[in-house]
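# Analysis of the macromolecular model
This is what each chain is made of:
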Amino acid sequence: MPKQFYPFLLFLLTICFSCNKNEKIKTKEKHEILNLVYHHFSNDLLDFVVLRETPRKKVKNIDYNRAFTERKYADSIRNLMRNKDSLAKTKKRLKNNKLLYQKRFVIETKMSRYHNLKEKTYLKIPNDFTNLYKNFVLFKEYDSLDIHKLISINNDSLIKFHKQLLKKERPRPDFYNFDVIVSFSDIIFNKSYSKAIIIGTTTFSRTNSHADIIFLEEKNKKWKIVNSQPL
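Here, residues in each chain are numbered from 1, in the same order as that chain's written sequence. The predicted nature of this model means local features are confined to residues of pLDDT at least 70 and side-chain atom pairs, given and counted, to a pLDDT of 80 or more, with totals for whole chains, interfaces and linings taken over all residues. Side-chain numbers come from the whole structure's heavy atoms, not from hydrogens or water.

### Re the overall build of the chain
Counting from the N terminus, the helices are the DSSP runs of H or I reaching at least four residues and the strands are the DSSP runs of E reaching at least two. Helix and strand content of the chain: six helices and nine strands. Partitioning the contacts of the chain with sequence separation of at least 6, the portion at a separation of at least 24 is 66%. Note on contacts: a residue pair qualifies if any of its non-hydrogen atoms lie within 4.5 Å across the two residues.

### A word on the nonpolar core
Within the largest apolar cluster, 25 residues are counted, with the highest numbers of intra-cluster contacts made by Ile 33, Leu 34, Leu 145, Phe 184, Ile 187 and Ile 198. Looking at this core element by element, the count peaks at six residues for helix α1 (residues 6-49). With residues near it in sequence (within four places) discarded, Ile 33 still touches Ile 187, Phe 189, Ala 196, Ile 198, Leu 216 and Trp 223. Ranked by size, the runner-up nonpolar core spans twelve residues in total, among them Ile 197, Ile 199, Ala 211 and Phe 215. Only buried residues count toward a nonpolar core. Its members are Ala, Val, Leu, Ile, Met, Phe, Trp, Tyr and Cys residues joined through side-chain atoms within 4.5 Å. When a residue's accessible area, from a 1.4 Å probe over protein chains only, is under 20% of the maximum for its type it is buried; when over 50% it is exposed; and in between it is partly exposed.

### Section: the packing of aromatic side chains
Planes of paired rings set the category: under 30 degrees apart is stacked, over 60 is edge-to-face and the rest tilted, where pairs are Phe, Tyr or Trp rings (Trp by its six-membered ring) whose centres lie within 6.5 Å. Taken as a whole and assessed by the stated rule, the structure comprises five aromatic pairs. Residues Phe 129 and Phe 215 carry aromatic rings whose centres are separated by 5.4 Å and whose planes lie at 70° to one another, so their mutual orientation is edge-to-face. Separated by 86 residues along the polypeptide, Phe 129 in the loop between β2 (110-111) and α5 (130-138) and Phe 215 in strand β8 (residues 208-219) bring together distant segments of the chain. The pair formed by Phe 129 and Phe 215 is uniform in burial state, with each residue classed as buried. Ring centres 5.0 Å apart and planes at 45° place the aromatic pair Phe 189 and Tyr 193 in the tilted group. The class for Tyr 193 is buried, based on a relative accessible area of 18%. Look at NZ for Lys and CZ for Arg. If either is within 6 Å of the ring centre and within 35 degrees of the ring normal, a charge sits over the ring. Across the ring face of Phe 136, the terminal group of Arg 113 is positioned such that the distance to the ring centre comes to 3.9 Å. Here Lys 195 stacks its cationic end above the ring of Phe 129, 6.0 Å away from the centre of that ring.

### Examining the environment of Phe 175
Mapped onto the secondary structure, Phe 175 falls in the loop between α6 (163-167) and β5 (180-184). A residue is classified by how much of its surface remains accessible, and Phe 175, at 11% relative accessible area, is buried.

### Things to note about α5
All of the buried residues along α5 are Leu 132, Tyr 133 and Phe 136. Along the axis of α5, the buried residues cluster in a sector spanning 100°; they form a single face. Pointing more than 90 degrees away from the buried face of α5 are the exposed residues Asn 131 and Leu 138. Looking at the buried positions of α5, the neighbouring elements they touch are β6 (188-189), β7 (195-205) and β8. Working note: the arc is built from the helix axis to C-beta atom directions.

### Some details on the side chain of Asn 35
Structurally, Asn 35 can be placed in helix α1. Here a polar contact is taken to be a pair of N or O atoms separated by no more than 3.5 Å, where protein atoms must pair a possible hydrogen donor with a possible acceptor and residues adjacent in sequence count only if both atoms sit in side chains. In this structure the side chain of Asn 35 is engaged in a polar contact, spanning 2.9 Å, whose partner is the backbone oxygen of His 31. Not counting residues up to four positions away in its chain, the partners in contact with Asn 35 are Lys 149, Leu 150 and Ile 151.

### A closer look at the pairing of strand β9 (residues 222-230)
Sheet topology places β8 next to β9; eight bridges connect them, and they run antiparallel. Bridge assignment links Lys 219 to a residue of β9, and that residue is Lys 222. In this description, strands pair whenever DSSP reports at least two bridges between them. Hairpin connection, β8 to β9: the antiparallel pair is bridged by two residues, and Asn 220 has positive phi, about 55°.

### So, the pattern of salt bridges
Should a side-chain nitrogen of Lys or Arg be within 4 Å of a carboxyl oxygen of Asp or Glu, the pair is scored as a salt bridge. Per the stated rule, a full pass over the model turns up seven salt bridges. Taking the shortest distance from any N to any O, the salt bridge between Glu 29 and Lys 28 comes out at 3.9 Å. In this structure Glu 29 comes out as buried when scored by relative accessible area, which is 7%. Exposure remark for Lys 28: the relative accessible area of 47% places this residue in the partly exposed category.

### Regarding the environment of Phe 41
With respect to the helices, strands and loops of the structure, Phe 41 is situated in helix α1. Under the relative-accessibility criterion, Phe 41 is labelled buried at 5%.

The structure is reproduced here in structure tokens:
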């Protein structure tokens, strides 16, 4: 090989190494975010399915369908019900009734976007995410997740989505063989992989679905949800 090709070859190898490194970082950060969002959904479901049967502060006339679909309403009810030892009571109740309270999460492994964000003019975008959100609106990617990299909590059973699951369902709105379908959009990161945006959707029946756009930031090597808004 002529010597003049060596710099070009070295340049190509550098690019390949850099791309491979970035892809590994993206995959790692992606599944950390997916776990965080899934845990967020799982704890919400735990609050309104398990905890509503746990002795706590009584709140009359709770609309559980509304609690599943309206984030502000859900948070207001949750704050009314919570007390200092509610989490401890929940964990104990869950531990003693594992099979009774086991929730079956069906996870869609294809990560795609179903919402037209250009129409969501009511969203209040956090200041630090303005440019990243603009890119999220303009560019769509198709991605996938590895269900084996999701860490189950609250005794959840995680099931990979496939169309046969819906075909086995009874001809009625409510699901029978599982409790909720969880799906995610593609994730957009900033260049330093310190901020990210994702859409997470929970579907509780054929007529009951709820989606949130979630803004995340990495602090002290841990991802945190800094803002979440219903779509």
